[in-house]
Amino acid sequence: MHTKGIGGLQDFVLKSATLCSLPSCPPFIPLNFEATPIVRVAVEPKHPSEMPQLVKGMKLLNQADPCVQILIQETGEHVLVTAGEVHLQRCLDDLKERFAKIHISVSEPIIPFRETITKPPKVDMVNEEIGKQQKVAVIHQMKEDQSKIPEGIQVDSDGLITITTPNKLATLSVRAMPLPEEVTQILEENSDLIRSMEQLTSSLNEGENTHMIHQKTQEKIWEFKGKLEQHLTGRRWRNIVDQIWSFGPRKCGPNILVNKSEDFQNSVWTGPADKASKEASRYRDLGNSIVSGFQLATLSGPMCEEPLMGVCFVLEKWDLSKFEEQGASDLAKEGQEENETCSGGNENQELQDGCSEAFEKRTSQKGESPLTDCYGPFSGQLIATMKEACRYALQVKPQRLMAAMYTCDIMATGDVLGRVYAVLSKREGRVLQEEMKEGTDMFIIKAVLPVAESFGFADEIRKRTSGLASPQLVFSHWEIIPSDPFWVPTTEEEYLHFGEKADSENQARKYMNAVRKRKGLYVEEKIVEHAEKQRTLSKNK
């Protein structure tokens, strides 16, 4: 087809398309890019009146670049998500010169992190086995940490948090456990399948035909469930997969909510039982609030409000006996018919909200209100209480930050290898393998490098090696930063090694404080410590 005839396709093409003069021509498969967008910046026009041009320019950039992502965040910011530093610069130049043709202001690059928990360490920071002497100090430190948890919240030795709603009508017991790495990976790979499961569940609740599920989708769901069961083995994980209530954040993330309470009827695999008891239907009316609390807790963790990853929250107990005593039996008699109509639904927001509203209307008519009181609606209290319970359950376990990692392929000659290694180690990089290319004097180095440390990395390597080495960076995976951001020395050896203040560079704390500063959260840092009066040696004149 002649290029002269092409035009006016911007409304029909996104990322890639196949143009042909014959309608029977099969379309070409879009190019598959390994690079995953990870680095984001917020953009705005220098002159606010030029906002329409920026929006139009970003739309065109989104169509033209196969790898970029354009988002409008809840805050109203326009965000570009790019593969890395070079790609970011290329996109910004295109936006300024070709698509929007205006002057733009760009924020500092925003590097994402994830929060998680780990198993308690077996060795301390000086690689000594944690013995009795250490334990005394650690328990002492743990007690100090737990003193941060407000009164009225019970914590047992295994990290089970028991918390009551403000109106004292419901009690929740929540425990947080780290998921095995393989399980987190399976959840990440199957996020689209989890999303389609969620859509299927909501369509079932809306009364659509249950047999419309595609056979292949059903097979994928059972295969996914089988994989989870295969990796979640052992006493602690017994029957866990069948009791999965929700995934999070946004109902498709790499964290799970497990319900072990006795009246639990519905799971992500089966949906609710059709004929449920009155108690079960009442539990389900309030169940959506628990799930919402879990979604909020996984969306922003306690360390620096970043999403969680690889955490399993177990709801061990869900005590509503006091809530039931508060006139719930009378309500149940009155609203028996409405309960039965609601019992067919799963976790559908609209149905449950409808039931809750019906409950609240009846309570307000009777003059006694177990669902709405001076603390607000009972559903809202449950959401807040569940969120708090999840956050405290995380804080009593060893918390860690997870960094996004690039795989870094570098080709270099033997005489500059030392300089390449020096740049990598300075930027917290780690060499995985090094091999010589046959028939040449070139070495191929494979390494991993945190995305947060990658800015200026390519330029620095080229400068240090006089252009003899050039790196190729591709986003690979998330990795736990081994250092504890809240660590303080506890044993004599640690005091000797790190000093009383232990103010040597802690990578996890550095990242955590940087994110907290960016988000306007409180950062605990001392500007002046042990200040002493200073005097000049020269005499006063």
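Structure report, in brief. (Residues numbered from 1 in each chain as written. Predicted model: local features only at pLDDT ≥ 70, side-chain atom pairs only at ≥ 80, totals over all residues. Heavy atoms only, no water.)

### Digging into the packing of aromatic side chains
Two aromatic rings are characterised by how far apart their centres lie and by the angle between their planes. Taken as a whole and judged by the stated rule, the model has 5 aromatic pairs. Judged by centre distance (5.9 Å) and plane angle (40°), the rings of Trp 245 and Trp 318 are tilted. Placement of Trp 245 in strand 9 (residues 244-248) and of Trp 318 in strand 11 (residues 311-319) is noted, with a sequence separation of 73 residues between them. Take Trp 245: its relative accessible area is 4%, and that puts it in the buried class. Residue classification places Trp 318 among the buried residues on the basis of a relative accessible area of 5%. With a centroid separation of 6.1 Å and 75° between ring planes, the pair formed by Phe 475 and Trp 478 is classed as edge-to-face. Both residues of the pair, Phe 475 and Trp 478, count as buried. (Phe/Tyr/Trp six-rings, centres within 6.5 Å; stacked < 30°, edge-to-face > 60°. Helix = DSSP H or I, 4+ residues; strand = E, 2+ residues; numbered from the N terminus. Buried < 20%, exposed > 50% of the residue type's maximum accessible area, 1.4 Å probe, protein only.)

### So, the packing of helix 1 (residues 51-64) against helix 2 (residues 85-99)
One way to put it is that helix 1 packs onto helix 2 with a least axis distance of 10 Å and a crossing angle of 120°. Our classification of the angle between helix 1 and helix 2 gives oblique. Seen along the crossing, helix 1 lies across helix 2 with a hand that is right-handed. Along its contact with helix 1, which presents Leu 54, Gly 57, Met 58, Leu 60, Leu 61 and Ala 64, the element helix 2 presents Cys 91, Asp 94, Leu 95 and Phe 99. Split into classes, the residues belonging to the contact of helix 1 with helix 2 amount to 8 nonpolar, 1 polar and 1 charged. (Axes fitted to C-alpha atoms, helices over the stretch in contact; angles between N-to-C directions. Parallel < 35°, antiparallel > 145°, perpendicular 65-115°, else oblique. Left-handed = near helix turned anticlockwise from the far one by under 90°. Contact = heavy atoms within 4.5 Å. Nonpolar A, V, L, I, M, F, W, Y, C, P; charged D, E, K, R; others polar.)

### Description of the environment of Cys 67
Here Cys 67 shows up in the loop between helix 1 and strand 2 (69-72). Considered as a pair, Cys 67 and Ala 35 are 32 residues apart in the sequence and their alpha carbons are 7.4 Å apart. Contact partners of Cys 67, with chain neighbours within four places excluded, come to Ala 35, Pro 37, Val 81, Ala 83 and His 87.

### Some remarks on the nonpolar core
Counting 37 residues, the largest nonpolar core has Ile 38, Leu 80, Leu 95, Leu 401 and Val 451 as the members making the most contacts within it. Take this core: its biggest share by element is 6 residues, from strand 14 (residues 399-413). With sequence-adjacent residues up to four places away left out, Ile 38 is seen in contact with Val 81, Thr 82, Ala 83, Ile 110, Pro 112, Ala 404, Tyr 406, Val 451, Phe 475 and Trp 478. (Core = buried A, V, L, I, M, F, W, Y, C linked by side-chain atoms within 4.5 Å.)

### Observations regarding the pattern of salt bridges
The final tally for this structure, using the stated rule, is 15 salt bridges. A salt bridge links Arg 195 to Asp 192; the nearest nitrogen and oxygen atoms lie 2.9 Å apart. Of this pair, Arg 195 and Asp 192 both sit in helix 5 (residues 191-205), separated by 3 residues, roughly a single helical turn. Look at Arg 195 and you get partly exposed, because its relative accessible area is 38%. (Salt bridge = Lys/Arg side-chain N within 4 Å of Asp/Glu carboxyl O.)

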